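Chain and residue survey
What follows is the residue order along each chain.
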Protein chains: 2
Amino acid sequence: MTEFELIAKLTKKLPANQTVVVGAGDDCAVLDFGLRDKLILFKTDSVVEGIHFEKDAAPEKVGRKALARCLSDMAAMAGTPTAAVVTIGLPGNFKFESIEKIYEGMGVLAKKHGVAIVGGETTTNPGGIFISVALLGTVNRGRLILRSTAKAGDAVFVTGELGGSSTGKHFDFEPRLAEASWLADNFQVHAMIDLSDGLAGDLRHILKASSVGAELLKSAIPVNRAAKELARKNPSSRTPHRAALEDGEDFELLFTLAPGESVKLLDAWRKQFPSLKLSCIGKIIAGEGIIVRDKTGPQKLNAHGYVHFA
Amino acid sequence: MTEFELIAKLTKKLPANQTVVVGAGDDCAVLDFGLRDKLILFKTDSVVEGIHFEKDAAPEKVGRKALARCLSDMAAMAGTPTAAVVTIGLPGNFKFESIEKIYEGMGVLAKKHGVAIVGGETTTNPGGIFISVALLGTVNRGRLILRSTAKAGDAVFVTGELGGSSTGKHFDFEPRLAEASWLADNFQVHAMIDLSDGLAGDLRHILKASSVGAELLKSAIPVNRAAKELARKNPSSRTPHRAALEDGEDFELLFTLAPGESVKLLDAWRKQFPSLKLSCIGKIIAGEGIIVRDKTGPQKLNAHGYVHFA
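Just so you know, these numbers come straight off a predicted model, no measurement behind them.

Turning our eyes to something else, we now look at the overall build of chain A. Per the secondary structure count, chain A includes 9 helices and 13 strands. Expected size for 310 residues packed as a compact globule is a radius of gyration near 19 Å; at 19 Å, chain A falls within 12% of this value. With respect to the principal axes defined by its C-alpha atoms, chain A has extents near 55 × 55 × 45 Å. Out of the 310 residues in chain A, the part that is buried amounts to 55%. Counting contacts in chain A only where the partners sit at least 6 residues apart, residues at least 24 apart contribute 79% of the total.

What follows covers the packing of helix α2 (residues 59–75) of chain A against helix α3 (residues 96–112) of chain A. Helix-helix packing: each pair is described by the crossing angle between the helix axes and the interaxial distance. All names here are of chain A. Interhelical geometry of α2 versus α3 gives an angle of 45 degrees and a closest axis separation of 7 Å. It follows that α2 is oblique to α3 by the angle criterion. The two elements α2 and α3 cross, and the hand of that crossing is right-handed. Where α2 abuts α3, its residues P59, E60, K61, V62, G63, R64, A66, L67 and A68 lie against S98, K101, I102, Y103, E104, G105, M106, V108, L109 and A110. Broken down by class, the residue content of the contact of α2 with α3 amounts to 11 nonpolar, 3 polar and 5 charged.

This brings us to the interface of chain B and chain A. Contacts between the two partners involve 59 residues from chain B, matched on the other side by 59 residues from chain A. Sorting elements by how many residues they give to the side of chain B that touches chain A places strand β5 (residues 116–124) of chain B first, with 9 residues. Broken down by class, the residue content of the side of chain B that touches chain A amounts to 30 nonpolar, 22 polar and 7 charged.

All right, on to the domain arrangement of chain A then. Residues and elements named next belong to chain A. What the domain assignment reports for chain A is domain 1 (16–143) and domain 2 (155–300). Facing 15 residues of domain 1, the contacting portion of domain 2 comprises 16 residues. Here the residues of the side of domain 1 that touches domain 2 sort into 6 nonpolar, 3 polar and 6 charged.

This next bit is on helix α7 (residues 225–233) of chain A. All names here are of chain A. Residues of α7 that are buried: A226, A227 and A231. All buried residues of α7 lie within an arc of 135 degrees about the axis, which places them on one face of the element. Residues R225, R232 and K233 are exposed on α7 and point more than 90 degrees away from its buried face. Next to the buried residues of α7 lie α4 (169–172) and α8 (240–246).

The subject of this paragraph is the sheet that holds strand β3 (residues 38–48) of chain B. Residues and elements named next belong to chain B. Read across the open sheet, the 6 strands follow the order β1-β2-β3-β6-β4-β5; overall the sheet is mixed. In the strand order of this sheet, the two ends are held by β1 (20–22) and β5, each with one partner. Sheet twist, expressed as the average angle between the axes of neighbouring strands with direction ignored, equals 20 degrees. Across 3 bridges, strand β2 (residues 29–31) lies against β3 in antiparallel orientation. Paired with A29 across the two strands is F42, which belongs to β3. Across the sheet, helix α2 (residues 59–75) is in contact with β3, β4 (80–90) and β6 (130–140); its angle to β3 comes to roughly 145 degrees.

To continue, consider the pairing of β4 of chain B. When a strand is regular, its side chains alternate between the sheet's two faces. Residue and element names in this part refer to chain B. Counting buried residues along β4, 10 of its 11 residues qualify, which places the element largely inside the surrounding structure. The pairing of β4 with β5 spans 8 bridges and is classified as parallel. When the sheet's bridge partners are listed, T87 is paired in β5 with E121. For the handedness criterion, the β-α-β arrangement of β4, helix α3 (residues 96–112) and β5 is classed as right-handed.

Let us look at the sheet that holds strand β10 (residues 253–257) of chain B. Residues and elements named next belong to chain B. Strand order in the open sheet formed by 7 strands is β8-β10-β7-β11-β9-β12-β13, and the pairing between neighbours is mixed. With partners counted over all chains shown, the strands left at the sheet margins are β8 (189–194) and β13 (297–300), one partner each. Shown here is a sheet whose adjacent strand axes are inclined to one another by a mean of 25 degrees, direction ignored. Pairing geometry for strand β7 (residues 155–159) and β10, over 4 bridges, is antiparallel. The partner of V156 across the bridge, within β10, is T256. Packing against the sheet, helix α6 (residues 199–210) makes contact with β7, β8, β9 (213–217), β10 and β12 (289–294), and its axis sits at approximately 140 degrees to β8.

A few words on the pairing of β8 of chain B. All names here are of chain B. Among the 6 residues of β8, 6 are classified as buried, and the element is accordingly described as predominantly covered. Sheet analysis places β8 next to β10, joined by 5 bridges and oriented antiparallel. Residue D194 lies in a different strand from β10, and its bridge partner there is L253.

Caution applies to low-pLDDT regions: their predicted coordinates should not be interpreted in detail. Residue and element names in this part refer to chain A. The share of residues in chain A with pLDDT of 70 or more is 96%, and the mean pLDDT across the chain is 92. Below pLDDT 50 for its whole length, residues 306–310 participates in 7 contacts with residues either more than four positions away or in separate chains. This prediction of the complex comes with two scores: 0.94 for pTM and 0.93 for ipTM.

We now examine the nonpolar core. Counting 195 residues, the largest nonpolar core has F42 and A84 of chain A together with F42 and A84 of chain B as the members making the most contacts within it. Look past the residues within four positions of F42 of chain A in its chain and what remains in contact with it is C28, A29, L31 and L136 of chain A together with A83, V85, V118, G119 and L136 of chain B.

It is worth spelling out the relation of the copies chain B and chain A at this point. Overlay of chain B on chain A (RMSD 0.0 Å): rotation 180 degrees, translation along the axis 0.0 Å. The relationship between the two copies is best expressed as a two-fold rotation axis. Every residue of chain B has its C-alpha some distance from the rotation axis, and the shortest such distance is that of G127 of chain B, at 1.9 Å. A shared binding surface is used by both copies, with 100% of the interface residues of chain B retained as interface residues in chain A.

This part takes up helix α5 (residues 177–186) of chain A. Residues and elements named next belong to chain A. By the burial criterion, the buried members of α5 are L177, E179, A180, L183 and A184. Relative to the axis of α5, the buried residues are bounded by an arc of 165 degrees and lie together on one face. The secondary structure elements touched by the buried residues of α5 are α2, β7 (155–159), β8 (189–194) and β10 (253–257).

The backbone of S211 of chain A sits at a positive phi, close to 55 degrees, despite the residue not being glycine. Within the secondary structure, S211 of chain A sits in the loop between α6 (199–210) and β9 (213–217). You will see that E249 of chain B, though not glycine, has its phi angle at about 60 degrees, which is positive.

We now examine the environment of K295 of chain A. By the secondary structure assignment, K295 of chain A is in the loop between β12 (289–294) and β13 (297–300). Taking the C-alpha atoms as reference points, K295 of chain A and G282 of chain A, separated by 13 residues in sequence, lie 15 Å from one another.

About the thresholds
Residues numbered from 1 in each chain as written. Chains lettered and ligands numbered in written order. Predicted model: local features only at pLDDT ≥ 70, side-chain atom pairs only at ≥ 80, totals over all residues. Helix = DSSP H or I, 4+ residues; strand = E, 2+ residues; numbered from the N terminus. Rg over C-alpha atoms; globule rule 2.2 N^0.38 Å. Buried ≥ 20, exposed ≤ 12 C-beta atoms within 10 Å, placed from the backbone. Contact = placed C-beta atoms within 7 Å. Axes fitted to C-alpha atoms, helices over the stretch in contact; angles between N-to-C directions. Parallel < 35°, antiparallel > 145°, perpendicular 65-115°, else oblique. Left-handed = near helix turned anticlockwise from the far one by under 90°. Nonpolar A, V, L, I, M, F, W, Y, C, P; charged D, E, K, R; others polar. Domains from an automatic or database assignment. Arc of directions from axis to C-beta. Pairing = 2+ DSSP bridges. Right-handed = clockwise from strand over helix to strand, strands pointing away. pLDDT = per-residue confidence, 0-100. Core = buried A, V, L, I, M, F, W, Y, C linked by C-beta atoms within 7 Å. Least-squares fit on C-alpha atoms with pLDDT ≥ 70 in both.

Here it is in structure tokens:
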């Protein structure tokens, strides 16, 4: 059973109540507390030593990443973050200065996005550093964007450049909150997700939730310089395009746009966010799964995110 | 530096914003999202293998405890819980059935209190099970009860019986949500906290936050049968009264009541909650620290929670 099948099985049985608009399974849960114009967004995410960062990572980078992951999830719902609570599990020999640095890294990013940190629980975790952040925010009732509302005919867009984030971007990425808000305010974005599991994996989340397929144009997929350099240094490894499809933790926005809005969006984007690339990489189609088209023709991506060349 | 000094130092520097009514340092954070009658409560808490439960503990009890601790914190603010998100860190060899049981134990308690579980993050934690729960709820604007508002002259009350919770109650305790709501609706409760660090430790949190002291009557402190049995089996160990003062994880309510309301409360309580003991154990006084009075006279409790007999 994969992580996603496990979560799917468990979340079917979770208790709900009348406040729940969207429960587990999207980037954030959506709750209706009776606010006139807004719904509440609620999300938790964690970073663990040895899984999401190495033992020798700078603690301020680890703290920043723990919050940034949640902010990226809130961006994927076109939400505005408000307040976070933090649980930090620490091995017994941990130094106070390092805890302070974790909070410092988190605090700089929180201030940048107007997020209050309103609770900090510290406990012992014998196995290493474990940070869990829960984030609360809001979204205007009219502009909530889910994973499940992509439609055949939509164009597929991605921000930034993908792949190779393990060389540094997984610590330094910028949650795309301003970009997502602007998109939701000005365009008919049908579905959106942030890229944490890799382009192929996260696109598949949208496709499954929306019961559609996608066709991507290989040459249109934006490849990060880090992925190109990794391939150059080690020619026997994956191609940069495969890295762009498969690598996790890009934390860019992947979204689908109503047909006919693509040219208008690309024009407006260049003026609004001149330093961030936006790429139209394909379209949503009826059916299921991902087809990647290159000069040799269409090829199907298999379930593990790899291009199946058979 | 103790855990509390550490948290105090860190929380002074945390970023805030205009939604924050009460930040880190009380049982829950309090946020104003612009709801007409209500404020939002936000809390995170965690349970860790080897710290809050042993390796062989039943997973459904561990799941229940993880949520129950947060519910108890919400009770301490006279709040109503609404929705929770859960992060579970698991060692690599963990069985799916056990994850299901963690959620089952949590789910039964969640349903009982009308709480939706709206997000479940599962990750690897090489050192053992680590569960972090974040809980969202509301409280009526007019009846928010903090730790910092005890006044000299208040009576000090505690629900239930204290001590010896490590023999089982730390898993099976009932969060006092209904009791706290009823108290806030019907009486002038000035300050409240739930007992997680032990009567002496948690009373000290109220006293420090409110800049007051307390005088307790030793014979009035309600002692749990578990604490009495532990002392009987091992006569060289602490007395049952010391266990009641010092043992953690009772998860009862400790609160201070406006002068003159005590008799009325005790009468009404017996009718409303006939199966749960309520004890008046002393009073709030000017000054600082805790004095315990027994037949030999008043004695001061020292900083570590022990009666100082010198």
